[in-house]
Structures are given as C-alpha cells and as structure tokens.
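Examining the three-dimensional arrangement
Here is what each chain is made of, one letter per residue.
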Amino acid sequence: MNIKKIIIFTTLLVTTTLSVFADHIPETSTQVIQYQGRFTVIGDINNWNPYLEVLENIESSFQPPYYHLLTRSHYRLHKNLKIGAF
C-alpha cells in the first residue's frame, strides 16, 4: 500500500474519532445584534491608497450605539509590495 494512502486514512480515522468527544451544542449569545451599518471609502491616487471606514453597531435597545472609525493608508513601493499605516 502507498504511504500517502496510509497517512490519509490514519488522519481521517483520528479526526473522526476525536470529533466524537467534541461539544456539539454551541452556546448562544445573550445579546443579538439588531443593526449594523458600514460606510467605506477607498481611494486610488497613483501609488497611494487611502481607506476610511465607519462602522455602527446597535446591539440592544437599552445600550448606546457603538461607533468604530478606521483609517489606514497604503503606499505601493513596487508592483507586489505595499507599506501601510493604520
């Protein structure tokens, strides 16, 4: 028998055997996200790529909304090489 087939069969046997001991009932979260909004602006100016993202989450009626602002910028030094700042 080929060694690759033996390794594949053994791996499948071990992973299926270990899955028997896994906890199959996932725990649910008590909070439900009711609304999520995202606004993204991406620019392309020569070798410079600015990026701006605003994210809003409203998780429940009794908590204030959560806002997230992300800005980052990339500069292309070479065809396949970028440097960036967040």
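Above this text you will find the structure in question.
Residues numbered from 1 in each chain as written. Predicted model: local features only at pLDDT ≥ 70, side-chain atom pairs only at ≥ 80, totals over all residues. Heavy atoms only, no water.

A tally of regular secondary structure across the protein chain gives 1 helix and 4 strands. Counted from the first residue to the last, the protein chain has its helices and strands arranged as α-β-β-β-β. Within the protein chain, residue pairs in contact and separated by at least 24 positions form 22% of the contacts whose partners lie at least 6 positions apart. As displayed, the protein chain offers around 7,800 Å² of accessible surface, 63% of which is attributable to carbon and sulfur atoms. (Helix = DSSP H or I, 4+ residues; strand = E, 2+ residues; numbered from the N terminus. Contact = heavy atoms within 4.5 Å. Areas by Shrake-Rupley, 256 points an atom, 1.4 Å probe, with all protein chains shown as cover.)

Taken in spatial order, the 4 strands make up an open sheet running E1-E2-E3-E4, and their pairing is antiparallel. Each having just a single partner strand, strand E1 (35-42) and strand E4 (81-85) make up the two edges of the open sheet. This sheet shows a mean twist of 20° between the axes of neighbouring strands, independent of strand direction. Across 8 bridges, the pairing between E1 and strand E2 (residues 48-58) is antiparallel. Across the sheet, the residue bridging to Thr40 is Glu53, located in E2. (Pairing = 2+ DSSP bridges. Axes fitted to C-alpha atoms, helices over the stretch in contact; angles between N-to-C directions.)

Applying the stated criterion across every chain, the model contains 0 aromatic pairs. Positioned above the aromatic ring of Tyr51, the side-chain terminus of Arg72 is 4.0 Å from the ring centre. (Phe/Tyr/Trp six-rings, centres within 6.5 Å; stacked < 30°, edge-to-face > 60°. Lys NZ or Arg CZ within 6 Å of the ring centre and 35° of its normal.)

For the rest of this paragraph, the subject is the side chain of Glu53. Topologically, Glu53 is positioned in strand E2. At 4.0 Å, Arg38 is the nearest oppositely charged side chain to Glu53, a buried residue that forms no salt bridge. A polar contact of 2.8 Å, which involves the side chain of Glu53, links it to the side chain of Tyr51. Setting aside residues up to four positions removed in sequence, Glu53 forms contacts with Arg38, Phe39, Thr40, His68, Leu69 and Leu70. (Buried < 20%, exposed > 50% of the residue type's maximum accessible area, 1.4 Å probe, protein only. Lys, Arg positive; Asp, Glu negative; His and termini not counted. Salt bridge = Lys/Arg side-chain N within 4 Å of Asp/Glu carboxyl O. Polar contact = N/O pair within 3.5 Å; in protein donor to acceptor, adjacent residues only side chain to side chain.)

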